[in-house]
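# Observations on chain architecture
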Amino acid sequence: MTRTVDELRGFPFVVQMDDGWEQIVGDWVENEGFPSGLHAFARTIRGAGFTPGLWLAPLICLPGSTLVRDHPDWLVRGTGSSPLIAGYNWDSHYYVLDTTQHGVREHLRGVFTNVVSDGFRYLKLDFMYAGALPGMRSTATPRERVYREAIEFIREVIGPEVYLLGCGVPMVPSVGIFGVRVGPDTASILVRDGSIAYPSCAGAAKHPTNTDHLNNGHYQYQAPNPVEVAARAHVFERHGRELPPQPVGWVPAGATSKCATTVRRDCPPSS
């Protein structure tokens, strides 16, 4: 990561570190890959002239997390007394926090206070839909209101200067709080067999057009996430496609992209 930051000097980028820095989803503490702490890495990004960014999924937690072990009562419940399963990823199911509880809010306050104190000024919050799922919470508040109050609380904690990009968010309840990621993950494959939602360049380009009616700069900024920058053809070649031999950047027409670039590791520093 440090080498990548150094090679990108001179570009007006947000450098956002994605999933993989944390110990486990739910425990938002850096793992052994960051012996000097996240603040040191944020300082490296800022020193190269970029805005430091960080990925989190603050409303969900994996069953193996310390959070679930120590606070099972913080989880939204499904039928009976079992925790609600909010989805599947990381070779597991995952749960969702009940943000109507005081303890959960104080936990979130600590998470966001820490990452902002570490120097991150751009936060990508993923799997946020989980906060609006139907389930049993500590209050009977309508779930859209629960979600809205949760993200308003996050905004209150981090202050107005930190940019928030929401990923997997309910669109209308997120207005005024997030810029919105509207497409699936991109990949170095033009079209992937199966669902259009699977990571691919075609899927990432197609999805933003379905929500472009909100993308007017007043309600939401949308980040489609399909940009590929490469110095030569790579994975496309194996799928009967070709890229031009020169560096290429691609953004779908009509999309407003604040930060939606995948930088290929096979690019020489000059590109």
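A few points on the structure.

Basis of the calculations
Residues numbered from 1 in each chain as written. Predicted model: local features only at pLDDT ≥ 70, side-chain atom pairs only at ≥ 80, totals over all residues. Heavy atoms only, no water. Helix = DSSP H or I, 4+ residues; strand = E, 2+ residues; numbered from the N terminus. Buried < 20%, exposed > 50% of the residue type's maximum accessible area, 1.4 Å probe, protein only. Contact = heavy atoms within 4.5 Å. Areas by Shrake-Rupley, 256 points an atom, 1.4 Å probe, with all protein chains shown as cover. Salt bridge = Lys/Arg side-chain N within 4 Å of Asp/Glu carboxyl O. Pairing = 2+ DSSP bridges. Right-handed = clockwise from strand over helix to strand, strands pointing away.

The helix and strand tally for the protein chain stands at 6 helices and 13 strands. Residue burial in the protein chain is summarised as follows: out of 271 residues, 47% are buried. Long-range pairs, those at least 24 residues apart, make up 65% of the contacts in the protein chain between residues at least 6 apart in sequence. As displayed, the protein chain offers around 13200 Å² of accessible surface, 52% of which is attributable to carbon and sulfur atoms.

Moving on to unusual backbone geometry. Trans peptide bonds make up most of the peptide bonds, and negative phi angles are found at most residues other than glycine. One non-glycine residue, Trp90, lies in positive phi territory at about 55 degrees. Summarising the element assignment, Trp90 is placed in the loop between strand 6 (87–89) and strand 7 (92–96). Although it is not a glycine, Phe127 sits at a positive phi angle of roughly 55 degrees.

As a further point, take the pattern of salt bridges. Applying the stated criterion across every chain yields a total of 5 salt bridges. Residues Glu149 and Arg105 are paired through a salt bridge, measuring 3.9 Å at the closest nitrogen-oxygen approach. Residue Glu149 is located in helix 5 (residues 143–158), and its partner Arg105 is located in helix 4 (residues 102–117); the two are separated by 44 residues in the primary sequence.

By the criterion of burial, strand 9 (residues 163–167) is predominantly enclosed, with 4 of the 5 residues buried. As judged from the 4 bridges shared by strand 8 (residues 122–125) and strand 9, these two strands associate in the parallel manner. When the bridges of strand 9 are listed, Leu125 appears paired with Gly166. With respect to chirality, the unit in which strand 8 leads through helix 5 into the neighbouring parallel strand 9 is right-handed.

Moving on, we get to the sheet that holds strand 5 (residues 60–61). Pairing within the open sheet is antiparallel, and its 3 strands lie in the order 5-7-6. The open sheet has two free edges, formed respectively by strand 5 and strand 6, since each of these has just one partner strand. With 2 bridges connecting them, strand 5 and strand 7 associate as antiparallel partners. Paired with Ile60 across the bridge in strand 7 is Val96.

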